[in-house]
Amino acid sequence: MAWPLRWLVVALTVVAPALPQSIYLYRNSTSDGTYLYSTAVLQYGAPLPCMGMCSAAYHNYAQGVTITSPTGRTASCSGSTGGPAASNANLQCEASIPINDEFDGYTSTQNANATCSQVGTIMTVLIPLQLSLAFTTVETVNEPMRSVCQSNAACTNTLTPRCGAQTTVIETDGGNCHPFHYCGFIAARYGGAGPWTCTQALCSSIAGPGYCTPQ
Amino acid sequence: MIKETSHIMDAEDLRSIRALLLVLSLSLSPLLAQNTLPPGSIDGAVNPEGIPDVAAFRLFLGALVDQSAAPAVSPEGGSSLPLQPSASQRRKLLPVGLNSTDTGLLLQALQAWHGDMSAASSATDASAPAIDLDSIAQRALNGLKQRMSAAGFAQLLAHIRAEKKHMTRIPVPDMSGGRH
């Protein structure tokens, strides 16, 4: 290798930053109308290259999720793994709790921790997510050629449903949009403040307006 | 006399304040722990651009893996037919709004990704070269972009980006230089 090129390679090797190491956490909540589910994911991407202390370090990871109902019922799952810091990690578990006619005031808390044999604890977190099962009755617009349906709130008890502005109905059974869908939405927000974000959970056809969770 | 009384009251006040602080710190510590992420963390609800798309995609796939179900199979065993989602996968895919063909392609990509991830996460030899998780996910994402319908891929990407609000990135100390 010519000297200038060799020096360039050396310079780039020294200057180029190591790829950042991170642990990623993810919480996913869904419902089928009978149960509330929460899935927790932890992923660790090993650094490339893993040099110095990294090559001798051993990591342990643990994570899980606990769902707490408005009356204090709980359901949880957890998992753990360990290996060299040079290896990746991927953990996932899902907890479920029956709804039992409790709709408002669930909390789904992801807990996770990681330790390193070289430096001790590198992460301990508790991330709570406030969840509510917000039911909204919507009257879908008849759009025979579409499967993503516009809808209007059709509530018997309130003019301001919690998920009123976000109730686009998706037909996933291969059918097209048709009127009078009674749809369940799961609403979530962080820390008891901020806007609710609503996700479609379950739909069934009924005739006429119905109950909506108010804002 | 007045001075002495005042001094005694101060000492009692101090004891009371100390006790009050102890009670407060004990009662508030769980709340403080819940709201504190390690320095340098990125909360996707606040700073979604700090979560790369490819990392969000692999987290989404990680949640989509159904640990309790049998491997997804093609109906009637045909390899050309789309895979069928389990009940758990159906719930998680409902908000994405994919048609059955795109859903099947996503489940195929999930199977391949999960196999690669398992291999990349099971290495116990520190001297073996690590496999970049983002590269595995990027490969799956590129494959889906080519095979899914344009509308379906756009819906998937939009959903994954929206899910960043439920994602958190926590830095790990850099150990490559021999010290932290």
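Residues numbered from 1 in each chain as written. Chains lettered and ligands numbered in written order. Predicted model: local features only at pLDDT ≥ 70, side-chain atom pairs only at ≥ 80, totals over all residues.

S.K.: Could you give an account of the overall build of chain A, with specific residues and numbers?
M.R.: For chain A, the helix and strand inventory stands at one helix and 12 strands. In sequence order, chain A lays out its α and β elements as α-β-β-β-β-β-β-β-β-β-β-β-β. For chain A, the proportion of its 215 residues judged to be buried stands at 42%. Long-range contacts, defined as pairs at least 24 residues apart, comprise 64% of the intrachain contacts of chain A with a sequence gap of at least 6. (Helix = DSSP H or I, 4+ residues; strand = E, 2+ residues; numbered from the N terminus. Buried ≥ 20, exposed ≤ 12 C-beta atoms within 10 Å, placed from the backbone. Contact = placed C-beta atoms within 7 Å.)

S.K.: Requested: an account of the sheet that holds strand 1 (residues 42–43) of chain B, with residues and values cited.
M.R.: The sheet built from five strands is open, its strands ordered 5(A)-2(A)-1(A)-2(B)-1(B) with antiparallel pairing. In this open sheet, the two strands that pair with only one neighbour each are strand 5 (89–98) of chain A together with strand 1 of chain B. Of the pairings in the sheet, the one linking strand 1 (residues 22–31) of chain A to strand 2 (residues 35–45) of chain A comprises 10 bridges and is antiparallel in character. Following the sheet pairing, I23(A) is matched in strand 2 of chain A by Y44(A). Against the sheet, helix 2 (residues 53–64) of chain B contacts strand 1, strand 2 and strand 5 of chain A together with strand 2 (167–171) of chain B, and its axis sits at roughly 130° relative to strand 2 of chain A. (Pairing = 2+ DSSP bridges. Axes fitted to C-alpha atoms, helices over the stretch in contact; angles between N-to-C directions.)

S.K.: Talk me through helix 6 (residues 150–162) of chain B; I want residue IDs and the actual numbers.
M.R.: All names here are of chain B. The end-to-end C-alpha distance of helix 6, which contains 13 residues, comes to 18 Å, matching closely the 18 Å that a straight helix rising 1.5 Å per residue would cover. Among the residues of helix 6, those classed as buried are G152, Q155, L156 and I160. Along the axis of helix 6, the buried positions cluster into a sector of 130°, meaning they face one direction only. Along helix 6, exposed side chains directed more than 90 degrees from the buried face belong to A150, A154 and A158. (Expected span 1.5 Å × (residues − 1). Arc of directions from axis to C-beta.)

S.K.: An account of unusual backbone geometry is needed here, citing residue identities and associated values.
M.R.: Of note in the backbone geometry, N100(A) takes a positive phi value of approximately 50° without being a glycine. Looking at the secondary structure, you find N100(A) in the loop between strand 5 and strand 6 (104–116).

S.K.: Describe the domain arrangement of chain A, listing the residues and the values that go with them.
M.R.: All names here are of chain A. For chain A, the assigned domains read domain 1 (21–131) and domain 2 (133–205). Domain 1 and domain 2 are separated by 30 Å when their C-alpha centres are compared. On the side of domain 2, 10 residues touch domain 1, which itself brings 11 residues to the contact. At the level of elements, strand 1 and strand 7 (120–140) are the ones that each hand at least two residues to the side of domain 1 that touches domain 2. Partitioning the side of domain 1 that touches domain 2 into residue classes produces five nonpolar, five polar and one charged. (Domains from an automatic or database assignment. Nonpolar A, V, L, I, M, F, W, Y, C, P; charged D, E, K, R; others polar.)

S.K.: Let's hear about the interface of chain A and chain B: which residues, and what values?
M.R.: In this assembly, 53 residues from chain A lie in contact with 44 residues from chain B. Put simply, the parts of the chain that give the side of chain A that touches chain B at least two residues each are strand 1, strand 2, strand 4 (74–84), strand 5, strand 7 and strand 12 (197–205) of chain A. Take the side of chain A that touches chain B: its biggest share by element is eight residues, from strand 1 of chain A. Here the side of chain A that touches chain B is composed, by residue class, of 31 nonpolar, 19 polar and three charged. Here strand 1 of chain A pairs with strand 2 of chain B via five bridges, running antiparallel. Residue pairing for strand 2 of chain B: I23(A) is matched across the bridge by I170(B).

S.K.: Tell me about the nonpolar core, residues and numbers included.
M.R.: For soluble globular proteins, nonpolar side chains are generally found buried alongside one another. With 88 residues, the main nonpolar core has I23(A), L25(A) and L59(B) as its most contacted residues. Here the element with the most residues in this core is strand 7 of chain A; it accounts for 10 residues. For L25(A), the contacting residues outside a window of four places in its chain are V41(A), L42(A), Q110(A), A112(A), I127(A), M167(B), T168(B) and I170(B). (Core = buried A, V, L, I, M, F, W, Y, C linked by C-beta atoms within 7 Å.)

S.K.: Explain the pairing of strand 1 of chain A to me, and be specific about the residues and the numbers.
M.R.: All names here are of chain A. Most of strand 1 sits out of view: 10 of its 10 residues are buried. What you see with strand 1 is no split at all: S22, Y24, Y26, N28 and T30 on one side and I23, L25, R27, S29 and S31 on the other are buried throughout. Hairpin remark: strand 1 followed by strand 2, antiparallel, with three residues in the connecting loop; positive phi at G33, about 95°.

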